Amino acid sequence: MKKISVSLSGHQTSISLEDEFLSELKRICAENHRAVADVIREIDSARSPDTNLSSAIRVWILKNIKNS
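Residues numbered from 1 in each chain as written. Predicted model: local features only at pLDDT ≥ 70, side-chain atom pairs only at ≥ 80, totals over all residues. Heavy atoms only, no water.

Visitor: An account of the pattern of salt bridges is needed here, citing residue identities and associated values.
Guide: Evaluated as defined, the whole model comprises 6 salt bridges. Linking Glu 31 and Arg 27 is a salt bridge whose minimum nitrogen-to-oxygen distance equals 2.6 Å. One end of the pair, Glu 31, and the other, Arg 27, are both in helix H1 (residues 19-31), 4 residues apart, so they sit about a helical turn from each other. One network of salt bridges, with partners in common, ties together Glu 24, Arg 27 and Glu 31. (Salt bridge = Lys/Arg side-chain N within 4 Å of Asp/Glu carboxyl O. Helix = DSSP H or I, 4+ residues; strand = E, 2+ residues; numbered from the N terminus.)

Okay, here's the thing in structure tokens:
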């Protein structure tokens, strides 16, 4: 597990992701010329309040892999 910090809605938060998911997130962001923090903020704003942010990121990654 790796922890990354990102600013969401004006406050710092830490997200824990397995190495494989973090690597894939970084790869997708690099391919699309987007900052990881920007993508995480987008995922955060789109998720339902009862969904854990780390889980929402994992689902977003899987959807991106399936659609590529």
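Don't stop here, the text continues.
Visitor: Just give me the short version of helix H3 (residues 53-66), but keep the residues and values in it.
Guide: Over its 14 residues, H3 extends 20 Å from the first C-alpha to the last, a length consistent with the 20 Å expected when each residue adds 1.5 Å. All buried positions along H3 are accounted for by Leu 53, Ser 54, Ala 56, Ile 57, Arg 58, Trp 60 and Ile 61. Looking at the buried positions of H3, the neighbouring elements they touch are strand E1 (2-8), strand E2 (11-17), H1 and helix H2 (36-46). Between the side-chain oxygen of the N-cap and the backbone nitrogen of Ser 54 there are 2.8 Å, and the N-cap of H3 in question is Asn 52. (Expected span 1.5 Å × (residues − 1). Buried < 20%, exposed > 50% of the residue type's maximum accessible area, 1.4 Å probe, protein only. Contact = heavy atoms within 4.5 Å. Polar contact = N/O pair within 3.5 Å; in protein donor to acceptor, adjacent residues only side chain to side chain.)

Visitor: Now, about the pairing of E1: what can you tell me, with residues and values included?
Guide: Pairing of E1 with E2, which is carried by 7 bridges, proceeds in the antiparallel orientation. Bridge assignment links Leu 8 to a residue of E2, and that residue is His 11. Counted along the chain from E1 to the antiparallel partner E2, the turn is 2 residues long, and its residue Ser 9 has a positive phi close to 55 degrees. (Pairing = 2+ DSSP bridges.)

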